[in-house]
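# Structure at a glance
Residue strings, one per chain:
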Amino acid sequence: MVNGIERPLDLLNQSKGKEILVQLKSGNQLVGTLLAFDIHINVVLDNAKEMQDGEMKRSIGLSFLRGDTIIFISPASVSTDKK
Amino acid sequence: MVNGIERPLDLLNQSKGKEILVQLKSGNQLVGTLLAFDIHINVVLDNAKEMQDGEMKRSIGLSFLRGDTIIFISPASVSTDKK
Amino acid sequence: MVNGIERPLDLLNQSKGKEILVQLKSGNQLVGTLLAFDIHINVVLDNAKEMQDGEMKRSIGLSFLRGDTIIFISPASVSTDKK
Amino acid sequence: MVNGIERPLDLLNQSKGKEILVQLKSGNQLVGTLLAFDIHINVVLDNAKEMQDGEMKRSIGLSFLRGDTIIFISPASVSTDKK
Amino acid sequence: MVNGIERPLDLLNQSKGKEILVQLKSGNQLVGTLLAFDIHINVVLDNAKEMQDGEMKRSIGLSFLRGDTIIFISPASVSTDKK
Amino acid sequence: MVNGIERPLDLLNQSKGKEILVQLKSGNQLVGTLLAFDIHINVVLDNAKEMQDGEMKRSIGLSFLRGDTIIFISPASVSTDKK
Amino acid sequence: MVNGIERPLDLLNQSKGKEILVQLKSGNQLVGTLLAFDIHINVVLDNAKEMQDGEMKRSIGLSFLRGDTIIFISPASVSTDKK
C-alpha cells in the first residue's frame, strides 16, 4: 500500500485522479479530486467542497489552492470516511 | 472539462478572461474577471468586487492582488452561484 | 481600458502618476499618487493619506510602503469613489 | 542510542519506518509511521492519527504533511507513551 | 519635490540625514533621523523615539531596525506634524 | 568563557553535548542535550523535556526541532537554574 | 557619534562588546553584551537578561538569539536607562 513512496511528493503523485482531503491552516478543509500539484504544493482540485466542522460549507468546483495555506493532505481519510 | 491541466498554473491560464472567485486569508473574497497572473500568483482582476459573508462590500474595479494573500482561486464557483 | 495588461506589474506601470487605493493586511488603507514600485511591490506614494473605516486617519505625505504589507492595489476605486 | 546523528536530518533518516509524534504549530499533534521526508521537512506518515489534548481526534491514514507547520518531531516519545 | 524618484529606494536615499516616521506592524511608531538602510529595508535611526497612540513611549537613541517589521516610512509626515 | 565566539553559530558548536534551554515562539520551552544543528537552526535534542511556566509538561526524549519555531537558545541558563 | 555608519550592519559591528537592548516581536526585551552577529541578524549575547514591562523576568546568561524574532536593537538605550 505504501510501496513506491521514497519522497513526500511521491504520495501526491500517486493520488492524482483520486479524492483527497486538504486540511487548511485557517481551520477549514477542502475535499476534491486531485488533478495537479507543483513543488510549492499548490494543487488543483476538481469538484472541490469546502468543509467546516465536518459539514459542507459550500461547493467551489474546479479550484486552484495555494500550497502555503495547507497543513496536511490525506488521500486515505476521504475513502475511510465513506466506508 | 479538466483537459489540459497538468500543472496548477494551467488552470489559471485557462481562466483568463473569465470570472473567478478569490478566497483571501483575511476571510474576505474578491470576485472579478482574471486578466493576468504571474508565478507568485499575483493577479489582476477587472471589475473586482470585495465580498464579505456572501454580500458585496464594495466595488474596487481594476485591481492588482498580491498572491501571498490568497487561499484559493475558483473559476467554477462564480458561474455555479449564478445558475 | 484593460489593453496592455499581460502581466500583473503592467497594471502598476500604467498607474504611475495616478491616484491609487492600497488595502493593507492591517485592515487600514492608504490613498495616494503612485510614484514608483519594484518587483517586491514596494511602492512610493505621494500625498498619501491613511484611511480607517472609510475616514481619513492622518496625512502621511510622501511615503515608502513595504510590499509585504499589501493585500491589493486598486487604481480604479479611487476615481470611482469621487464620481 | 544517539550514535550517527551528526546533522539534524540524520535523526529523521533513522526514524524511517518507526512511529513518530509530530507537534504542529496549530497546537494539534499527529502520530504515525514515518515513510518519507525531504529537506523542507515535508513528511509522509502512514496510519496517521490527529491528536488534541492527548486524545485521538480522527484517523487520517496515509498523509502528506507540510514541513512549515511543524514545531518538533519526536520518535522517542511515542514508544515512551506506550510503555 | 518628487523629482528623482524612479525606484522606491530612491525615496529612502533622499531621506538620509532627515527625520522620518516609521510605522511598525506591531502598531507602534518610531521617529528618528535616518542614517543608513539596505535592500532588506533594515534601517539605522539616530535619536530614535518609540511612539504609541501619538505619545512618546521611550527614547531609544541610536538604533538598528529590522526591515520586516515595517509597514511604511514617511519622511514628510514628521515635518508636517511639526508645522 | 566567551572565547572563540566570532559568529553566532560558534556558540551552538561549543554547546554540543551540553544541556540547553530553547525558548519557542509558542511560549513553551524545551530543555535537552544538544546533539546536532544546521544553518536553519534546526536542532536535535536528546532527553528533551517540554516546559510551560517553569514546570515540566511532558518528556519527549530524542527530538528534532525546526529552527523557525525558536526565539533563543541558552546553554548557560540550564546550569544556572540547577545551582 | 554616528561616524562610520554607512550600512545598517555597521552599527552592530560598532556595538560588539557593548551592552545592547533587543526588542522582540513577542513584546519582551533582552539586555546583554553583544558578542557576535551575522547577516540574518542572529546575535549572541553574554550575560543576557529577559525583561518584561521594564522588569527583569529571568537571567539567561550566554545566549543565541534568532534574527527573525527581533524588532530593533538599541545600543544607546541601555546606557541611557542607567544614567
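This text gives an overview of the structure that appears in the document. Here the structure is a predicted model, which means the values were calculated and not measured.

For the rest of this paragraph, the subject is the interface of chain F and chain G. Facing 24 residues of chain F, the contacting portion of chain G comprises 24 residues. Buried surface at the junction of chain F and chain G, summed over both partners, amounts to about 1,800 Å²; 67% is from carbon and sulfur atoms. Applying the counting rule to chain F against chain G returns one salt bridge. The residue G:Asp68 makes a salt bridge to F:Lys25 at a minimum N-O spacing of 3.0 Å.

For these two chains of identical sequence, chain F goes onto chain G by a turn of 51° and a shift of 0.0 Å along the axis, with RMSD 0.0 Å. Little of the interface of chain F is mirrored in chain G: 4% of its interface residues are interface residues there too.

Attention now goes to the relation of the copies chain A and chain D. Both copies of the chain are placed relative to one another by a rotation about an axis and a shift along it. Least-squares fitting of chain A to chain D yields an RMSD of 0.0 Å, with the transformation described by 0.0 Å of translation along the axis and a rotation of 51°. Mapped onto chain D, only 4% of the interface residues of chain A again fall at the interface, so the copies present different surfaces.

Turning next to the environment of B:Leu65. By the element assignment, B:Leu65 lies in strand E4 (residues 55–65). Sequence spacing of B:Leu65 and B:Phe37 is 28 residues, and the spatial spacing of their C-alpha atoms is 9.3 Å. When residues no more than four places from it in sequence are discounted, the contact partners of B:Leu65 are B:Val22, B:Leu24, B:Leu30, B:Ile41, B:Asn42, B:Val43, B:Ile70, C:Ile71 and C:Phe72.

Take the side chain of G:Asp38 next. On the secondary structure map, G:Asp38 appears in the loop between strand E2 (29–37) and strand E3 (43–52). Buried charge without a salt bridge: G:Asp38, with E:Arg66 as the nearest opposite-charge side chain at an N-O distance of 7.6 Å. A polar contact of 2.9 Å, which involves the side chain of G:Asp38, links it to the backbone nitrogen of G:His40.

About the thresholds
Residues numbered from 1 in each chain as written. Chains lettered and ligands numbered in written order. Predicted model: local features only at pLDDT ≥ 70, side-chain atom pairs only at ≥ 80, totals over all residues. Heavy atoms only, no water. Contact = heavy atoms within 4.5 Å. Buried area = accessible area lost by both parts, 1.4 Å probe. Salt bridge = Lys/Arg side-chain N within 4 Å of Asp/Glu carboxyl O. Least-squares fit on C-alpha atoms with pLDDT ≥ 70 in both. Helix = DSSP H or I, 4+ residues; strand = E, 2+ residues; numbered from the N terminus. Buried < 20%, exposed > 50% of the residue type's maximum accessible area, 1.4 Å probe, protein only. Lys, Arg positive; Asp, Glu negative; His and termini not counted. Polar contact = N/O pair within 3.5 Å; in protein donor to acceptor, adjacent residues only side chain to side chain.

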